[in-house]
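So you can see what is in the structure, the chains are spelled out below.
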Amino acid sequence: MAEALYEKLKRYDKTMLPMHMPGHKRNLLLSGAGGYLEALGADCDITEVAGFDNLAEPEGILRAIEERAAALWHSEEAYLLVNGSTCGILAGIYATVRRGGTVIAARNCHKSVYNGLRLREAKVVYLLPEQDTETGACGPVTPAAVEAARKRHPEAQLVILTSPTYEGVVSDVTGICEAAHAGGVPVLVDAAHGAHFGFGAFPESAVSCGADLVVQSLHKTLPSLTQTAVAHRNGTLVSGAAYREAVNLFQTSSPSYLLLASIEGCIRLLEEKGEALFADWQAALSEAYVQAGALRHLAVIGAEEGGTGTAGSKQGENALSGGGKPRFLRDRSKLVVSTAGTEFSGTVLMERLRKDYHIEAEMAQEQYLVAMTGMGDTREGLLRFIRALLELDAGCRLAPERKVSYPALPVCRHSITEAEELPSEECRIAMSARRTAAEYVWAYPPGIPLLVPGEEISEEMVRFLLHKEEGGVHLHRTSGGEEGWLLVHSLR
């Protein structure tokens, strides 16, 4: 096997006088012995010098890493991303959608998708995911919904969805691709949370399900540094040259070789030890789910199946649990803790875990909490988390269940571009009904917009937003500003 990028960086001739950037010049003594430059590995922080290729137009060592990534995830082409999945998503929209074109997009897409649509001034046809009755979160997008939207809008140039979601819900990507491809429409899957899919017993990767573009964050679940990601391209509906050009528009022209070495190291680790590492991870998860079955009031979703998933490892399969309640295929690496019917909200549970047990969960909403696991988790760490839940559960009182349901899709009164140009003013959320939003509003994480500029704010939406705030969920706004207020269009 070729020399690892990290080893090549360590071996780089330190006697070479660097009359080029970066400005620290690999001089670790600048920050003193044991200082930040040494701790952060600045001796390996270089620019595109001879022998280290050019990420914007890779032909050597970086191209070889891309080819290995494509082989590992079974795509036709792979692209290294050091600006996170956001870069790959923006590039996917830019490469496939003409200015003012129509896009079919799941409403629960990440804000990076909305930013990409905004840049292209796209007309958006929203797909409403099913709702997960166990958490109130978004469920999957269905092939039938995609097919119906495509037939209503034959001019559509792209279909976009998120799978898996922040809560680990998996859509039938194979069926969605079949529905979209029947009309010659490419599919972009935001699989930022699914880089581990296709390995071990985890669900099938969107790359293997026929998606034309798939963007994965390596750092979310795999052993790679924050900000590292990979994009994949398949088929003939998206030009590889167009996508590369778009990636270069949104990606830094000074990529960090520390991040690139992290990507290559992650790929090498999966190539050499992936089978054993995934087996260890899944064994630890299975034991955690079994232990979570002892919870009386709180519930780790999926624990009733021993953490084996709800319908095997195939995407698109659903199963019915007791009482005929629909269940979705889930990513078992996401430990989703339901607080429904207890005195805890998800946000209160998150705070208790942080203060009393020194456990920092990923995110929380009104009636659930998400604890992300990754390849670096140990059996001991996962069982420590479950023991904390069991202790909290033992002292937890029951309470009336807080039903959470998303309001109907808001009526669009202005395009996003038009909405940004209209005069606006601050308004209390409680007084904003029948006004139109002049900014994005989202809960972060997961970063899914609840309101988009130009949409009318219904009384149902007002109640929903206030309920979020009362449940301890912080609402973020494009303009920032004080909680309890929104930027709306002026009446005059």
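None of these values were measured; they are calculated from a predicted model.

(A) Quick peek at helix 14 (residues 459–470). Taking 1.5 Å as the rise per residue, helix 14 with 12 residues should run 16 Å; its terminal C-alpha atoms sit 16 Å apart, in good agreement. Inspection of helix 14 places Met 461, Val 462, Phe 464, Leu 465, Lys 468 and Glu 469 among the buried residues, and these make up the whole buried set. Summarising the axial view, the buried residues of helix 14 lie within an arc of 165 degrees, below the 170-degree limit, and thus occupy one face. The exposed set on the far side of helix 14, more than 90 degrees from its buried face, consists of Arg 463 and Glu 470. The secondary structure elements touched by the buried residues of helix 14 are strand 12 (363–365), strand 15 (441–443), strand 16 (448–451), strand 17 (475–477) and strand 18 (485–489). Two residues or fewer past helix 14, Gly 472 is found with a positive phi of approximately 85 degrees.

(B) Spatial organisation of the sheet that holds strand 13 (residues 368–372). Pairing is antiparallel in the open sheet, where 4 strands are placed in the order 8-11-13-12. Each edge of the open sheet carries a strand with a single partner, namely strand 8 (299–300) and strand 12. Here strand 12 runs beside strand 13; their pairing, made up of 3 bridges, is antiparallel. The residue of strand 13 that forms the bridge with Ala 364 is Leu 369. Docked against the sheet, helix 12 (residues 379–394) engages strand 8, strand 11 (334–338) and strand 13, running at close to 0 degrees with respect to strand 11.

(C) Examining the layout of surface pockets more closely. Of the voids in this model, the largest pocket is the one considered here, and its volume is about 460 Å³. Lining the largest pocket are 26 residues, with His 110, Ala 192, His 193, Lys 220 and Tyr 444 positioned closest to its centre. Residue assignment for the lining of the largest pocket shows that the elements contributing at least two residues are helix 4 (84–96), helix 5 (111–119) and helix 8 (218–221). Of the residues forming the lining of the largest pocket, the biggest block, 4 residues, is contributed by helix 4. Tallied by class, the residues present in the lining of the largest pocket amount to 9 nonpolar, 13 polar and 4 charged. Every residue lining the second largest pocket is counted, 21 residues in all, and those nearest its centre are Ala 122, Lys 123, Val 124, Tyr 126 and Cys 412. Looking at the lining of the second largest pocket, the elements with two or more residues in it are helix 5, strand 3 (123–127) and helix 13 (416–421). For the lining of the second largest pocket, the element with the most residues is strand 3, which contributes 4 residues. Of the residues assigned to the lining of the second largest pocket, the class counts are 11 nonpolar, 5 polar and 5 charged.

(D) Inspection of the sheet that holds strand 16 at higher detail. With antiparallel pairing, 3 strands are arranged side by side in an open sheet as 16-15-17. Each edge of the sheet is formed by a strand with only one pairing partner; in this case those strands are strand 16 and strand 17. Recorded for the sheet is a direction-independent mean angle of 40 degrees between the axes of neighbouring strands. Summarising the sheet, strand 15 and strand 16 pair through 3 bridges and their orientation is antiparallel. Residue Val 441 lies in a different strand from strand 16, and its bridge partner there is Leu 451. Its contacts with the sheet put helix 14 on strand 15, strand 16 and strand 17, and the angle it makes with strand 16 is roughly 130 degrees.

(E) The arrangement of helix 10 (residues 257–292) in detail. Relative to the 52 Å expected for 36 residues at 1.5 Å per residue, helix 10 spans just 41 Å between its end C-alpha atoms, considerably shorter than the ideal helical length. A maximum bend of about 85 degrees is found in helix 10 at Lys 273. The opening residue of helix 10 is Ser 256, an N-cap whose side-chain oxygen sits 3.2 Å from the backbone nitrogen of Leu 258.

(F) Local environment of the packing of aromatic side chains. Inspection of the entire model under this criterion finds 12 aromatic pairs. Ring geometry for Phe 199 against Phe 278: centres 5.1 Å apart, planes inclined by 5 degrees, an arrangement best described as stacked. Of this pair, Phe 199 sits in the loop between strand 5 (187–190) and strand 6 (213–217) while Phe 278 sits in helix 10, and the two are 79 residues apart along the sequence. With centroids separated by 5.1 Å and ring planes inclined at 40 degrees, the aromatic side chains of Tyr 406 and Phe 464 adopt a geometry described as tilted.

(G) The arrangement of the pattern of salt bridges in detail. In the structure shown here, the tally under the stated rule is 28 salt bridges. Here Glu 121 ties to Arg 99 by a salt bridge, and the two come within 3.7 Å at their closest N and O atoms. Taken as a pair, Glu 121 in the loop between helix 5 and strand 3 and Arg 99 in the loop between helix 4 and strand 2 (102–106) lie far apart in primary sequence, 22 residues in all. For Arg 99, a relative accessible area of 52% translates into the label exposed. Here Glu 343 ties to Arg 397 by a salt bridge, and the two come within 3.1 Å at their closest N and O atoms.

Reading guide: rules and limits
- Residues numbered from 1 in each chain as written.
- Predicted model: local features only at pLDDT ≥ 70, side-chain atom pairs only at ≥ 80, totals over all residues.
- Heavy atoms only, no water.
- Helix = DSSP H or I, 4+ residues; strand = E, 2+ residues; numbered from the N terminus.
- Expected span 1.5 Å × (residues − 1).
- Buried < 20%, exposed > 50% of the residue type's maximum accessible area, 1.4 Å probe, protein only.
- Arc of directions from axis to C-beta.
- Contact = heavy atoms within 4.5 Å.
- Pairing = 2+ DSSP bridges.
- Axes fitted to C-alpha atoms, helices over the stretch in contact; angles between N-to-C directions.
- 1 Å grid on protein atoms, 1.4 Å probe; cavity = no way out; pocket = protein on both sides within 12 Å on 5 of 7 lines; lining within 4 Å.
- Points joined across faces, edges and corners; volume = space filled by probe spheres on them.
- Nonpolar A, V, L, I, M, F, W, Y, C, P; charged D, E, K, R; others polar.
- Bend = angle between axes of the 7 residues up to and from the residue.
- Polar contact = N/O pair within 3.5 Å; in protein donor to acceptor, adjacent residues only side chain to side chain.
- Phe/Tyr/Trp six-rings, centres within 6.5 Å; stacked < 30°, edge-to-face > 60°.
- Salt bridge = Lys/Arg side-chain N within 4 Å of Asp/Glu carboxyl O.

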